[in-house]
Each structure stands twice: as structure tokens, then as C-alpha cells.
Amino acid sequence: MLSARGRRPAAVVVEPVARVMLRLGLSPNTITVASASLTIVLAVVLIPTGHLFAAAVLTGLFSAFDMIDGTMARMRGGGTKYGATLDATCDRITDGAFFGAITWWLIYTHQAAAPVVVAALVVLVGSQVISYVKARGEASGLKIVGGLIERPERLILGLLGIGLTGLGVPWAIEIALSVLAVGTVLTVIQRLRFAARSTGATEKTAPPAGARSYKT
């Protein structure tokens, strides 16, 4: 939902940084891997150890680099298919590390109630499913654009939850995860409906290699 709308305002900051990175001789793929690696390390080190506010600020900062690599690629005349695949893969790993670290903290440090842990697990798994539905649908030629809870919303709500919890605000992470869990399930359903209504959704697919084809 924020993915498209947020790009233009962010460009004021992102584009100058992208130009500097290109002048330094860095490639978009290098920025993709570096920002993902730093984000993962920060999440898995700071969150389980209870440094929630620092984790929210630093993770949010390095997650913002996710916009820089794409801008760099466009400034160089366009990205590559490999670059897009690498970026999407790093996003999935980063999301898994972030919400996995939150789940670890909930269980072993916060000693959260079972419903909160379930909500965290729903978000952890659902965030991957949301992205998979889009990737798999588009690989089949279906049009799946947008959704209620996309990656920016997940990160913003997750970072707000742990950041406010780190500042001592009661129930912040519980509320954030509850909203995310409901929104994640709804977004999976929403994207499946997009796929079902897309042109070509009812076209027949070829059987997998080695499978028998049954004709009537």
C-alpha cells in the first residue's frame, strides 16, 4: 500500500545518496547485500538481547537502503533480472530474521502470552506467503499489484512495536503484532483474489515433467 506512494517523497533523500554510492564505484547489488547483511546482524543481535529501541532505530536506518539499490540501478540505465532476484531474496531473508528475532525475544525474554507468540508466528510465515503469492502469480503471467500489508507496512509497524516497547510503552509490541497478524492474513487472501480475477487465471498449465496428462 505504501510501496508506490512512498517512493516519490523518499526520492529527495534517496537520490543524492544513490549518486554518491555510484561515484564511489559501488554497484546496486553490493548495496543490496551489504544493507541486508547489516540489517540481519542488527536484528538477531539487538532484539533477542532486549536492546529494542536501538534495534528499531538502526534496523530502520539500514532497511531504508533497500530503496537506494533500486535507485542506483535506474540511474545506471535500468536494473537486471538477477539484481531483482537478489533484491527479492535478500528482502525475504531480512524479513525472516527480523520477525524471527522478535519471536525469539517474545518467548525467551519477554515471556509473552501464547496468543502473542502465535501472532508473531503468523506474521513471520505470512510475510513470506504474501511475497510468494505475488512472485508465483506474476511468474504465471497474472497481475497482482498492491495489497493491504506490504513490506513497508510490515517493517514500519514492527519497528514501531519494538521501538515503543523499548521506550517502556505498554502493550506496544502486542498491539503491533496483532494488527500485523490480521492484516497479513487479509493480504494473503486479497492477493489470491487478485490472482483469481486476473486475465489468464483460468488458463490450463502444462503438467510437470514426468507426470501423466489425462485428456477427456
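Residues numbered from 1 in each chain as written. Predicted model: local features only at pLDDT ≥ 70, side-chain atom pairs only at ≥ 80, totals over all residues. Heavy atoms only, no water.

The name given to the protein in an unreviewed UniProt entry is Phosphatidylinositol phosphate synthase, with Corynebacterium meridianum as the source organism. Entered under Sequence similarities (unreviewed entry) in the UniProt record, the comment concerning the protein runs "Belongs to the CDP-alcohol phosphatidyltransferase class-I family." UniProt, in its Subcellular location (unreviewed entry) section for the protein, records the words "Cell membrane". (UniProt positions renumbered as here; feature names shortened; annotations may be inferred.)

A. Molecular detail of the nonpolar core. By size, the foremost hydrophobic cluster in this structure holds 27 residues, and its most contacted members are I47, F98, I102, L106, I162, I173 and L177. If you list the elements that add at least two residues to this core, you get α3 (28–46), α4 (52–63), α6 (81–108), α7 (114–139), α8 (151–166) and α9 (172–197). Counting residues per element, this core draws most heavily on α6, at six residues. Discounting residues that sit within four places of it in the chain, L177 has contacts with I102, L106, V116, A119, A120 and V123. Among the nonpolar cores identified, the runner-up in size contains six residues, and A18, I31, I68 and M72 belong to it. (Core = buried A, V, L, I, M, F, W, Y, C linked by side-chain atoms within 4.5 Å. Buried < 20%, exposed > 50% of the residue type's maximum accessible area, 1.4 Å probe, protein only. Helix = DSSP H or I, 4+ residues; strand = E, 2+ residues; numbered from the N terminus. Contact = heavy atoms within 4.5 Å.)

B. Up close: the UniProt feature "transmembrane region" (unreviewed entry) in the protein. The feature "transmembrane region" (unreviewed entry), as annotated in UniProt, sits at residues 51–68, 113–133 and 154–173 in this numbering. Here residues 51–68 is 83% helix and 0% strand, with 27 Å between the C-alpha atoms at its ends. Helix makes up 75% of residues 154–173 and strand makes up 0%, while its end C-alpha atoms are separated by 13 Å.

C. Highlighting the packing of α3 against helix α5 (residues 66–75). In contact at an axis separation of 8 Å, α3 and α5 are set at 175° when each is read in the N-to-C sense. Of the possible angle classes, the one that applies to α3 and α5 is roughly antiparallel. Here P28, I31 and T32 of α3 come into contact with α5, specifically with I68, D69, M72 and A73. For the contact of α3 with α5, a count of residues per class yields five nonpolar, one polar and one charged. (Axes fitted to C-alpha atoms, helices over the stretch in contact; angles between N-to-C directions. Parallel < 35°, antiparallel > 145°, perpendicular 65-115°, else oblique. Nonpolar A, V, L, I, M, F, W, Y, C, P; charged D, E, K, R; others polar.)

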